[in-house]
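# Architecture and fold: a report
Listed below, chain by chain, are the residues.
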Amino acid sequence: IRRTVASVPEDHRIHPRLEFHCPARIKGLKGVYRVTDISMGGAFLELKPGPALKVGQTFNLVMKLPTEYDPINIKAKVANIRGRGVGIEFVDITQKNQEIIRFCFETFKDTVPLR
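These numbers were taken from a predicted model, which means no experiment stands behind them. Here, residues in each chain are numbered from 1, in the same order as that chain's written sequence. The predicted nature of this model means local features are confined to residues of pLDDT at least 70 and side-chain atom pairs, given and counted, to a pLDDT of 80 or more, with totals for whole chains, interfaces and linings taken over all residues. The basis for every side-chain value is the complete set of non-hydrogen atoms in the structure, without hydrogens or water.

## Considering the sheet that holds strand E2 (residues 33–38)
Filter applied, for reference: Paired strands, in this sense, are two strands between which DSSP finds at least two bridges. For the purposes of this entry, the term helix denotes a DSSP run of H or I that reaches at least four residues, the term strand denotes a run of E that reaches at least two, and both are numbered from the N terminus. Note on geometry: axes are C-alpha line fits, over the in-contact stretch for helices, and angles between N-to-C directions span 0 to 180 degrees.
Within the closed barrel, the 6 strands sit side by side as E1-E2-E3-E6-E5-E4. Their pairing is antiparallel. Neighbour-to-neighbour, the strand axes of the sheet open up by a mean angle of 45°, direction not taken into account. The sheet contact formed by strand E3 (residues 42–46) and strand E6 (residues 85–91) spans 5 bridges and is antiparallel. Bridged to Ala43 within E6 is Ile88.

In structure tokens:
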């Protein structure tokens, strides 16, 4: 009997994700992109058609969260690339930005699905 073991990518997420949509820009690139989910550790950014980003690449992301008047600036790193965009990890996030994201997450967690 031959047995084949399928490899399934592990989910390395530490924080729950909130299905969430908000506009975002990547500093240095033209265009407005869309965040489709967010967590305390990162987000998914739709890039159709997207710029040429590579896993491990860092960049500055500007997001306009609905709970804030001004956009926030966050350093991010490409964690993975999917057909419709990129999974990003927040890097060196400030205490203030952590609080802003936590407030947004807490505000919307009961109104939209958690994954």
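Now that the structure has been shown, we can carry on.
## Things to note about helix H1 (residues 95–108)
Rules: One less than the residue count of a helix, multiplied by 1.5 Å, gives the span that helix is expected to have. For every residue, the accessible area obtained with a 1.4 Å probe (protein chains only) is divided by the maximum for its type, and the residue is called buried under 20%, exposed over 50%, and partly exposed between those limits. It is the directions from the helix axis to the C-beta atoms that the arc portrays. Whether two residues touch is decided by their heavy atoms; if any such pair falls within 4.5 Å, the residues are in contact.
Compared with the 20 Å implied by 1.5 Å per residue over 14 residues, the 20 Å span of H1 between its first and last C-alpha is a close match. Among the residues making up H1, those that are buried are Asn97, Ile100, Ile101, Cys104 and Phe105. Buried residues of H1, seen end-on, are gathered within an arc of 130° and therefore sit on one face of the element. More than 90 degrees from the buried face of H1, the exposed residues found are Gln95 and Lys96. Where H1 is buried, its residues touch strand E1 (18–26), E2, strand E5 (72–82) and E6.

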